[in-house]
Amino acid sequence: MKEKLNTSLHSLSLIAVIGLTAWHVFTGELSTNSLMTYLIIILIIIEVASLFLIGKTYPESHTSFKIGLIASLLILLGIKRMMPAFFVPLTVAAFAINFLYNFYTNNKRRKGQFKRRKQKKVKF
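Per chain, residue numbering runs from 1 following the sequence as it is written. Two thresholds apply to this predicted model, a pLDDT of at least 70 for residue-level local features and 80 or more for giving and counting side-chain atom pairs, whereas whole-chain, interface and lining totals are computed over all residues. Excluding hydrogens and water, the side-chain figures rest on all heavy atoms present in the structure.

Asks: I would appreciate a short explanation of the overall build of the protein in the present structure.
Replies: Numbering of helices and strands runs from the N terminus, with a helix taken as a DSSP run of H or I at least four residues long and a strand as a DSSP run of E at least two residues long. Check the secondary structure of the protein and you find 4 helices and 0 strands. Ordered by position in the sequence, the α and β elements of the protein form the string α-α-α-α. Burial statistics for the protein: of 124 residues in total, 36% are counted as buried. In what follows, residue pairs with any heavy atoms lying within 4.5 Å of each other are defined as contacts. Partitioning the intrachain contacts of the protein with sequence separation of at least 6 by distance along the chain shows that 70% fall at a separation of at least 24. Each residue is placed in one exposure class: buried if its accessible area under a 1.4 Å probe, protein chains only, is under 20% of its type's maximum, exposed if it is over 50%, and partly exposed if it falls in between.

Asks: Just checking my understanding: could you explain the packing of helix α2 (residues 32–54) against helix α3 (residues 60–82) for this structure?
Replies: How two helices pack is summed up by the angle between their axes together with the distance between the axes. A fitted line through C-alpha atoms serves as each axis, taken over the contacting stretch for helices, and the angle formed by two N-to-C directions is quoted from 0 to 180°. Where α2 meets α3, the axes come as close as 10 Å, and the angle between the chain directions of the two elements is 160 degrees. Considering their axes alone, α2 and α3 lie roughly antiparallel with respect to each other. Between α2 and α3 lies a crossing whose hand is left-handed. Packed against α2, whose contacting residues are Asn33, Thr37, Ile40, Leu43, Ile44, Glu47, Val48, Leu51 and Ile54, the element α3 presents His62, Thr63, Lys66, Ile67, Ile70, Leu73, Leu74, Leu76, Leu77 and Lys80 at the interface. Residue polarity is assigned by list, with Asp, Glu, Lys and Arg as charged and Ala, Val, Leu, Ile, Met, Phe, Trp, Tyr, Cys and Pro as nonpolar; anything else, Gly included, falls into the polar class. Of the residues assigned to the contact of α2 with α3, the class counts are 12 nonpolar, 4 polar and 3 charged. Angles below 35 degrees are treated as roughly parallel, those above 145 as roughly antiparallel, those between 65 and 115 as roughly perpendicular, and all remaining angles as oblique. By definition, any crossing whose near helix is turned counterclockwise from its far helix by less than a right angle is left-handed, and any crossing with a clockwise turn is right-handed.

Asks: Can you walk me through α3 in this structure?
Replies: It helps to recall that an α-helix has 3.6 residues per turn; residues three or four apart then point in one direction. Each helix should span, by expectation, one fewer than its residue count multiplied by 1.5 Å. Taking 1.5 Å as the rise per residue, α3 with 23 residues should run 33 Å; its terminal C-alpha atoms sit 33 Å apart, in good agreement. Those residues of α3 not exposed but buried are His62, Thr63, Lys66, Leu69, Ile70, Leu73, Leu76 and Ile79.

Asks: Mind showing me how you'd approach the packing of aromatic side chains here?
Replies: Pairs of aromatic rings are described using the distance from one ring centre to the other and the angle between the two planes. Put simply, two rings from Phe, Tyr or Trp (the six-membered ring, in Trp's case) pair if the centres are within 6.5 Å, and we call them stacked under 30 degrees between planes, edge-to-face over 60, tilted for the rest. One pass over the structure, following the stated rule, counts 2 aromatic pairs. Aromatic pair Phe65 and Tyr101: ring centres 4.1 Å apart, planes at 35 degrees, arrangement tilted. Linking Phe65 in helix α3 with Tyr101 in helix α4 (residues 84–111), this pair joins segments that are 36 residues apart in sequence. Phe65 sits in the partly exposed class, given a relative accessible area of 30%. An angle of 40 degrees between the planes, with centres 6.1 Å apart, marks the rings of Tyr101 and Tyr104 as tilted. Pair noted here: Tyr101 and Tyr104 are both in helix α4, with a separation of 3 residues, about one helical turn. Relative accessible area serves as the criterion here: at 15%, Tyr101 is assigned to the buried category. Taking relative accessible area as the criterion, Tyr104 reaches 43% and is therefore assigned partly exposed. Site record: aromatic cluster; members linked through ring pairs are Phe65, Tyr101 and Tyr104.

Asks: Would you mind showing me how to read a nonpolar patch on the surface here?
Replies: Together, Met82, Met83, Phe86 and Leu90 line one region of the surface with nonpolar side chains, adding up to about 430 Å² of accessible area. Judged by its relative accessible area of 41%, Met83 falls in the partly exposed class. Every patch collects residues that have over 30% relative accessible area and no salt bridge, joining them within 9 Å if they carry like charges and within 5 Å if they are nonpolar side chains (Val, Leu, Ile, Met, Phe, Trp, Tyr). For the area figures, the Shrake-Rupley method with a 1.4 Å probe applies, and any residue is considered shielded solely by the protein chains shown. Salt bridge, as used here: a side-chain nitrogen of Lys or Arg that lies within 4 Å of a carboxyl oxygen of Asp or Glu.

Following this line, the structure appears as structure tokens:
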């Protein structure tokens, strides 16, 4: 159940990116920097919720990758003020990495290959 909810959260993040981008293109009310800022905040919230739901189910490598992704998204908010010329390309690259990794993990989960190993109990 939690894995299906996790997949729904990833689909929701993709829909949010497509929806806000369409809003930006058709209405022109948002600047590109503010659009990317909103998308980063939405993605951080969704990724934290996803990590909270399936943190104990998926392997440690998945958890550490997602924590790194969340940290990189927070760093991008700082880059927005320090180096605005690099903000949009780096944000698009981070989104692409996130979505590719989400599709990769969802396919591995469906095949049953993406599970956390059981902890070995220490014997004295």
